[in-house]
Amino acid sequence: MPAQPTLPTVIEPAVQHEAAYWSRDPQELLDELRSGVQGLSTPEAARRLKTQGPNTIDEEPALGVARLALRQFESPLVLILVFGGVVSAVLRDWLDAAIILSVVLGSCGLGFMQEYRASNAVAQLRGRLALAAKVVRDGIRRLLPTRELVPGDRVELSAGNLVPADAIVLEARDFLVTEASLTGESFPVEKQPGVLPAATPIARRTNAVYLGTSVRSGTATVLVVHTGERTAFGAVAQRLRSAAPETEFARGVQQFGVLLVRVMVLMVLFVLIVNLWLGRAWIESMLFAVALAVGLSPELLPAIVSVTLSAGARRMAQRGVIVRHLEAIENLGSMDVLCTDKTGTLTEGVMTLQAATTPDATESPEAMRLAYLNAAFETGIENPLDEAVVSAGQKAGLSTQGQRKVDEIPYDFLRKRLTIVVAPETGGPHLMITKGAFANVLAVCTQVARGQASAALDAEERARLERWFREQGARGLRVLGLATRSVEPRAAYTHDDEAGMCFVGFLLFVDPPKAGARRTLDALAARGIEIKIVTGDNRHVAAYVAQSVGLDHEAMLTGEQIDTMKDEALWHRAENTVLFVEVDPQHKERIVRALQHRGRAVGYLGDGINDAPALHAADVGISVDSAVDVARDSADVVMLRPDLEVLCQGVEEGRRTFANTLKYVSITTSANFGNMVSMALAAPLLPFLPLAAKQILLNNFLSDLPSMAISSDRVDADRLASAQHWDVHDLRRFMLVFGLTSTLFDLLTFWLLLKVFDASESLFQTSWFVVSLLTELAVLLVLRTHLPLWKSRPGTWLWITTLLVVAVALALPFIPVLAAPFSLVALPPGLLGSMLLVVLGYVAATEFAKRWYFAPKRRSRRRHPRTQRRRVKP
């Protein structure tokens, strides 16, 4: 996935605000930007957007129509053909010039149309994932696309948000920001309002936040100062434009290209030298040699790849899976282990508050009231637990009337607690209400509630509470702790105030396992994908869910155990573990890297701030549309709903897309290779060229038309059952085996034409034009499947386009007005019948060669069937 540059040392932006905004009083900046508590007015924001431009950094600007059209002519082979057409025109050979240029324009036009459609489709898909920010406009808080932000906007940030622009901090509460993408500093930095010297380096500007960084915890209100390319990250990005790390898919295409270039250079040089040595015209020899090279190269590969991947992306989007980077389709298809939280994937994902109880496990309206105040006043991370509490409280008739919020100590992943400080509107002592992970809440308590009074929280009572907590977890309930502390009023509160509290009760939540989860896991297992649960939840709830859906609940590692392990030990244990429980963000990343070290292709599904490191580290990061900004931005693939069945369909679509891409590459290259080798061998032995350059180009153009339909072709079940990868060595072997099979039948055709039918130049060229085109079309249908031809039905469009081109190939020589420009002549019935028999023989021989070629792979699958090694219990 594309990564933002992480710098080992701080790089100062080349463009800075003239007056060093971090050294100025915030009110002065508000006045200068004509902003305030009400934010900007909508008309003023629109005016600034028009003059300042959108808040974007176009690291990969979209190709315009003209640029996309010109890109079709970037290939040296295409340029040489254009040159050849121009030379023919200069020599007044108008017909050849028109034919060559027409075929070139036709091929380039076909590529342009397909890539244009593909790029538009991808742009629409990416538009669905545009980030948004909470902005105050006209005194109203609104959710707006980040690209619409302008200087002077007042933006509210909370944990999980990506900072959408460079801004000064106006208000903050426990506001920690991760700036590694800009400064290289891996630890979060606390931000707060203030004024700093103008010479303060960017890494120490604790009163400013920057585009591309992310909020780790807390809340803040900031004033946007710079947007887009004028931000610190924009200035750095301009000087550090670098390509994203090369994917396995891109490496495969590049290696395949290198192989083709080597073959083409040798073949072109050989043919050119031989033809010149035989005294043939240099322009004719050059055009023939270049036409051979074009015939060998799948010149529509960029268009085919774009079309196939974008068509796959569209189909995946229809199924609820949006691909942010097209190359990730191959990575999704190659995944063989999926790490995921249980919530929403293995469970229904709808948290319901089942009960609020006293420490003695009896229903407690007071515990419900306290939990409601805590959740209703919380302004940090939006989460389903708070939503469940608020929903239950509202149904019970609760409200915040009569209470006011004094302060908030936001949730973070170290404390795993959230504290809200409230006070009666009429005045009086402040009440701290803390809820969070049971163990973390209990750790700050010294008292336990007993009705209206309290008692000391001794070791025996702690053991009783912990025992009851484990029992509820074993029933599949998620349990939070609730504690309070009455304090004298003060201006602000910190983490240190979470001490000496009174444990007042439990909050019990239920999120039942999905009814179809076991079936979905079986479907993933059938595709060679294991599921591993990686969760911060306690071991008891995780074990209950795992057992409910058929996973081995005993193969478990806790975060505490992982802390004691060296990497080498984790490499071994991770492979054989199904449940990773009570883990933090660093544990999740270590788990992913341990599995990768064992040679696994790891997918990671996450939607929280704590999932971002693992999403970055995984081979394919998967998130959901409702995830926090930093998680969505870290992912390669975004699901519109957290459902493993949807992901299973996405994996299948990814494998189908990649399989169809490989079909085009392998089949077209092998067929073209066979025909070009035949022509290269025949050229020095015949008194004339086996095919004219214009005939080669027409042949290649017509044979490419059905290839455009490959993106919608059916894929056999065995190709979907396991991951596939680029293998240039296998491609080369495929090209040699099936290409040379084609060459043998071409040589047989040559012998029949010369020795049996005594064919003239025009009859020879027409006959072989028809035979070579028909064999390319036939081999497309034979080699598109590993199964016998009659056991695998092609896609509808592939079948239709193939039949149409077959009809054109057979009819073209008999239509004088179309045949004459290409020097084609009508074929005698006997000769045409013989050529069709050759094609049928070629189909039979290719079918036999296919069985021989794929036999070792079939034997290997029978010898090494997939097993799940106790991960999924029957």
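Residues numbered from 1 in each chain as written. Predicted model: local features only at pLDDT ≥ 70, side-chain atom pairs only at ≥ 80, totals over all residues. Heavy atoms only, no water.

Undergrad: I keep staring at the overall build of the chain and nothing clicks. Help me out?
TA: The helix and strand tally for the chain stands at 30 helices and 23 strands. Looking at the chain as a whole, 56% of its 874 residues qualify as buried. Within the chain, counting contacts between residues at least 6 apart in sequence, those at least 24 apart form 74% of the total. For the chain, the computed accessible surface area is about 36900 Å², with 58% contributed by carbon and sulfur atoms. (Helix = DSSP H or I, 4+ residues; strand = E, 2+ residues; numbered from the N terminus. Buried < 20%, exposed > 50% of the residue type's maximum accessible area, 1.4 Å probe, protein only. Contact = heavy atoms within 4.5 Å. Areas by Shrake-Rupley, 256 points an atom, 1.4 Å probe, with all protein chains shown as cover.)

Undergrad: When you look at the side chain of Asp716 in this model, what are you seeing that I'm missing?
TA: Take Asp716: it is sitting in the loop between α24 (693-707) and α25 (717-720). Among buried charged residues, Asp716 stands out as having no salt bridge; its nearest opposite-charge side chain is Arg784, 4.8 Å away. Ignoring anything within four residues of it in the chain, the contact list for Asp716 reads Thr785, His786, Leu787 and Ser792. (Lys, Arg positive; Asp, Glu negative; His and termini not counted. Salt bridge = Lys/Arg side-chain N within 4 Å of Asp/Glu carboxyl O.)

Undergrad: Would you take a moment to explain the confidence of the model for the chain for this structure?
TA: One rule of thumb: low pLDDT means the predicted coordinates there are not for detailed reading. Chain-level statistics for the chain give a pLDDT mean of 81 and a share of 79% at 70 or above. The low-confidence segment residues 1-18, where pLDDT is below 50, has 53 contacts with residues more than four positions distant or belonging to other chains. Within the model, the stretch residues 864-874 combines pLDDT values under 50 with 29 contacts to residues more than four positions away or in other chains. (pLDDT = per-residue confidence, 0-100.)

Undergrad: How should the state of the cysteines be read in this particular structure?
TA: Covalently bonding the sulfur atom of one cysteine to the sulfur atom of another cysteine gives a disulfide. Scanning the entire structure with this criterion turns up 0 disulfides. The closest cysteine sulfur to the non-disulfide-bonded Cys445 is located on Cys502, 7.0 Å from its own sulfur. (Disulfide = S-S within 2.5 Å.)

Undergrad: Hey, could you run me through the environment of Ala437 in this one?
TA: Following the sequence through the fold, Ala437 ends up in strand β13 (residues 430-437). Spatially, the C-alpha atoms of Ala437 and Leu482 are 9.0 Å apart, while their sequence positions differ by 45 residues.

Undergrad: Quick question: what am I supposed to make of the nonpolar core here?
TA: A general feature of soluble globular proteins is that nonpolar side chains tend to end up buried together. With 59 residues, the main nonpolar core has Phe738, Phe764, Phe769, Leu773 and Leu783 as its most contacted residues. Elements with a minimum of two residues in this core: α23 (644-682), α24, α26 (728-756), α27 (761-783), α28 (796-811) and α30 (829-863). Ranked by the residues each element gives to this core, the list is headed by α27, at 14 residues. With near-sequence residues (within four places) excluded, Phe769 lies in contact with Leu691, Gln695, Leu698, Asn699, Leu702, Leu812 and Leu824. (Core = buried A, V, L, I, M, F, W, Y, C linked by side-chain atoms within 4.5 Å.)

Undergrad: Looking at this structure, how should I read the pattern of salt bridges?
TA: Proximity of charged atoms lets side chains of opposite charge pair with each other. Throughout the structure, instances matching the rule amount to 34 salt bridges. Across the salt bridge formed by Glu498 and Arg415, the nearest N and O atoms sit 2.7 Å from each other. Placement of Glu498 in the loop between β16 (477-487) and β17 (501-510) and of Arg415 in the loop between β11 (403-409) and β12 (417-424) is noted, with a sequence separation of 83 residues between them. The class of Arg415 is buried, set by a relative accessible area of 8%. A salt bridge links Glu461 to Arg464, with the shortest nitrogen-to-oxygen separation between them at 2.7 Å. Pair noted here: Glu461 and Arg464 are both in helix α15 (residues 459-474), with a separation of 3 residues, about one helical turn. Residue Glu461 is classed as buried on the basis of its relative accessible area, which comes to 10%.

Undergrad: Just to check I follow, could you spell out helix α16 (residues 517-526) for this structure?
TA: One turn of the α-helix equals 3.6 residues, which is why residues spaced by three or four share an orientation. Among the residues making up α16, those that are buried are Ala517, Thr520, Leu521, Leu524 and Ala525. An end-on view of α16 places all buried positions within 140° of arc, on one side of the element. Residues of α16 that are buried in the fold lie against β18 (530-534) and α23. Downstream of α16 by a residue or two, Gly528 has a phi angle that is positive, lying close to 75°. (Arc of directions from axis to C-beta.)

Undergrad: What should I look at first to understand the packing of α23 against α26 in this one?
TA: Packed helices, taken two at a time, are described by the angle between their axes plus the distance between the axes. α26 packs onto α23 with a crossing angle of 45° between their chain directions and a minimal axis gap of 7 Å. When the interaxial angle is binned, α23 and α26 end up oblique. Classified by chirality, the crossing of α26 by α23 is right-handed. For the pair α23 and α26, the contacting residues are Val665, Ser666, Ile667, Thr669, Ser670, Phe673, Gly674, Asn675, Val677, Ser678, Leu681 and Ala682 in the first and Leu731, Phe734, Met735, Leu736, Phe738, Gly739, Leu740, Ser742, Thr743, Asp746 and Phe750 in the second. Residue classes in the contact of α23 with α26 are distributed as 13 nonpolar, 9 polar and 1 charged. (Axes fitted to C-alpha atoms, helices over the stretch in contact; angles between N-to-C directions. Parallel < 35°, antiparallel > 145°, perpendicular 65-115°, else oblique. Left-handed = near helix turned anticlockwise from the far one by under 90°. Nonpolar A, V, L, I, M, F, W, Y, C, P; charged D, E, K, R; others polar.)

Undergrad: Mind showing me how you'd approach the sheet that holds strand β19 (residues 556-558) here?
TA: Two pairing modes exist for strands in a sheet, parallel and antiparallel, and in both the strands are linked by backbone hydrogen bonds. Within the open sheet, the 8 strands sit side by side as β8-β23-β22-β21-β9-β18-β20-β19. Their pairing is mixed. At either end of the open sheet lies a strand with only one pairing partner, and these are β8 (321-323) and β19. For this sheet, the mean inter-axis angle between neighbouring strands, taken without regard to orientation, is 20°. Strand contacts of helix α17 (residues 539-548): β18, β19 and β20 (579-581), with the helix running at about 155° to β20, the strand carrying the most contacts. (Pairing = 2+ DSSP bridges.)

Undergrad: Honestly, the side chain of Glu652 in this entry has me stumped. Any pointers?
TA: Tracing the chain through its elements places Glu652 in helix α23. What makes Glu652 buried here is its relative accessible area of 17%. For Glu652, the contacting residues outside a window of four places in its chain are Arg319, Arg527 and Leu720.

Undergrad: Can you help me understand the packing of aromatic side chains in this one?
TA: Both the distance between ring centres and the angle between the ring planes are used here to describe each pair of aromatic rings. Enumeration over the complete set of coordinates arrives at 13 aromatic pairs. Here the aromatic rings of Tyr853 and Phe854 are separated by 5.0 Å at their centres, their planes lie at 85°, and the arrangement is edge-to-face. Its relative accessible area of 5% is what places Phe854 among the buried residues. Connected via pairs of aromatic rings, a cluster forms that spans Phe438, Trp468, Phe469, Phe503 and Phe506. The aromatic ring of Trp22 is capped on one face by Arg205, whose charged end is 3.5 Å from the ring centroid. (Phe/Tyr/Trp six-rings, centres within 6.5 Å; stacked < 30°, edge-to-face > 60°. Lys NZ or Arg CZ within 6 Å of the ring centre and 35° of its normal.)

Undergrad: Mind showing me how you'd approach the environment of Gly500 here?
TA: Its location among the elements puts Gly500 in the loop between β16 and β17. In sequence terms Gly500 and Gln447 are 53 residues apart; their C-alpha atoms lie 7.3 Å from each other. Sequence-distant contacts of Gly500, that is, excluding residues within four places in its chain, are made with Val444, Thr446 and Arg485.

Undergrad: What is the right way to look at the pairing of strand β7 (residues 214-226) in this model?
TA: Working note: regular strand, side chains alternate between the two faces of the sheet. When you tally the buried positions in β7, you get 12 out of 13 residues, the bulk of the element. For strand β4 (residues 166-178) and β7, the ladder comprises 10 bridges, and the chain directions are antiparallel. Bridge assignment links Ala167 to a residue of β7, and that residue is Val224.

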